[in-house]
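Each chain, written out:
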Amino acid sequence: MSTVHEEQLNLEMPTAESRWQQLLNWFHPKTSQPLYDRVLFTLAMSLLAFGFIMVTSASLPTAERLTGNPFHFAIRHGVYMVVSMLVMLGALRVPSDTWNRHSGKLLLVGLMMLLLVLVIGHEVNGSQRWVKVGPITFQAAEVAKVFFCIYMASYFSRREDEVREATKGFIKPLVLLFVASVLLLMQPDFGTVVVLSATTVAMLFLAGAKLWQFFAVFITCVLALILLIIVEPYRMQRLLTFLEPEKDPFGSGYQLMQSLIAFGQGHLSGAGLGNSIQKLQYLPEAHTDFIMAVVAEELGFIGVLAVIATVLMLVWRALIIGRRCLMLEQRFGGYLAYGIGIWFSIQAFVNIGVASGALPTKGLTLPLVSYGGNSLIVSVLSIGLLLRIDHERRMIGRKVAPRGGAE
């Protein structure tokens, strides 16, 4: 009897293979279709959790020096995460058609916020990008980015044929881009101009703009960016520093040199979580723009590769959502998913490129990872928009049975 009982127990215990199968079924259920993209949600939450850990590790010395509390920035980042999740839950309850109908108003609000910054903005490190309302400080450019993407998606969904066949349909979004870029450059915020320009041009291409128009705009944008670098001495200095940072290792090239040292010390597997030396007052902005340098030093090449792979998978899921929506004639959701995916990929590319010395220094956060309330809230809001868009796509043609279970 005891032998039979032991065999029954062995049969009832879940094996490693069954647990793995349960995990796969959670991501891709065979019996029923989930109401949201579980892969996208898991990737986004993984980046959020990882970002909290790395912000805590990278900010301890700076927080201790500035406030006397080593967990000051970690606590604030945790509060931002809670607010971000509430914003995402709110976005999940708003139909995408509502965003589409009010896209023009949202764009106007975004442009007005960019204008407001120039009038009553708070200046930090020579840039006037923030507006203070009591204890709250918000960065208008972050909000303007998502509102601009929403309007572009609405425009392409309504004027897709005009964009493909008429020159005026192609020019209109570029005029709006020019207005937004001028307001951003007056702050100045060159990094956001790069992200918005690249996102708009890519969305134009995906909307079916003619190839010669695409290349004409692409070349024009590149020439404009080069001109902006030439006319501003500090941008030219950044470019020269990027090319030869070792010529001024304790001046203009200091931040990049310290970041490169962090990457070099990480090797394959890193020095271990919390063991970064560069964050000990050597590397400025270690928990914000240069958080990937701390990741490289503490977690090594493996850690950097894991972050890049996770971001790429998240972007890939966004592009898949966009493609599936367009196949079902959900044009607004499709173009918005494309826009968010492109925006995330470009911003992550610039952030990681700057930290690794592959691109000139530019102040852009790593979406969902870097410290920064405005950036984090807007990034999580965008994830909420993607989840809502995908949910609506899944609900098309889905029959919901009555509560009694009968049809």
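Residues numbered from 1 in each chain as written. Predicted model: local features only at pLDDT ≥ 70, side-chain atom pairs only at ≥ 80, totals over all residues. Heavy atoms only, no water.

### Side note on the packing of aromatic side chains
How we decide: Aromatic rings from Phe, Tyr and Trp, with only the six-membered ring used for Trp, were paired whenever their centres fell within 6.5 Å, and each pair was classed as stacked if the ring planes differed by under 30 degrees, edge-to-face if by over 60, and tilted otherwise. Secondary structure counts use DSSP, requiring at least four H or I residues in a row for a helix and at least two E residues in a row for a strand, with both numbered from the N terminus. Only protein chains enter the accessibility calculation, which uses a 1.4 Å probe. A residue is then buried if its area is under 20% of the maximum for its type, exposed if over 50%, and partly exposed in between.
Per the stated rule, a full pass over the model turns up six aromatic pairs. For the ring pair tyrosine 80 and tyrosine 371, a centre distance of 5.9 Å and an interplane angle of 50° mean the geometry is tilted. Of the two residues, tyrosine 80 sits in helix α4 (residues 72-92) while tyrosine 371 sits in the loop between α15 (331-355) and α16 (373-395), which places them 291 residues apart along the sequence. Judged by centre distance (5.8 Å) and plane angle (70°), the rings of tyrosine 155 and phenylalanine 156 are edge-to-face. Phenylalanine 156 matches tyrosine 155 in its accessibility class, with the two residues each being buried.

### Focus: the environment of arginine 38
Structurally, arginine 38 is set in helix α3 (residues 38-67). Arginine 38 gets classed as buried once you look at its relative accessible area, which sits at 19%. Once the C-alpha coordinates of arginine 38 and leucine 387 are considered, the two residues, 349 residues apart in sequence, prove to be 9.0 Å apart.

### Some thoughts on the confidence of the model for the chain
Quick note on the threshold: One number per residue, pLDDT, summarises how confident the predictor is, and it ranges from 0 to 100. Any two residues whose heavy atoms approach within 4.5 Å at even a single point are treated as in contact.
With 88% of its residues at a pLDDT of at least 70, the chain reaches an overall mean of 84. Taken together, the stretch residues 1-11 has pLDDT below 50 and engages in zero contacts with residues farther than four places along the chain or on a different chain. Taken together, the stretch residues 399-407 has pLDDT below 50 and engages in two contacts with residues farther than four places along the chain or on a different chain.

### Details of the pattern of salt bridges
Short version of the rule: In the sections that follow, a salt bridge refers to a side-chain nitrogen of Lys or Arg positioned within 4 Å of a carboxyl oxygen of Asp or Glu.
According to the stated counting rule, one finds twelve salt bridges in the structure shown. One salt bridge in this structure joins arginine 164 and glutamate 160, with 3.4 Å as the shortest N-O distance. Residue arginine 164 and its partner glutamate 160 are located together in helix α8 (residues 160-165), separated by four residues, close to a single helical turn. Looking at arginine 164, the relative accessible area reads 36%, which means it is partly exposed. One connected set of salt bridges, linked through shared partners, spans Glu160, Arg164, Glu329 and Arg331.

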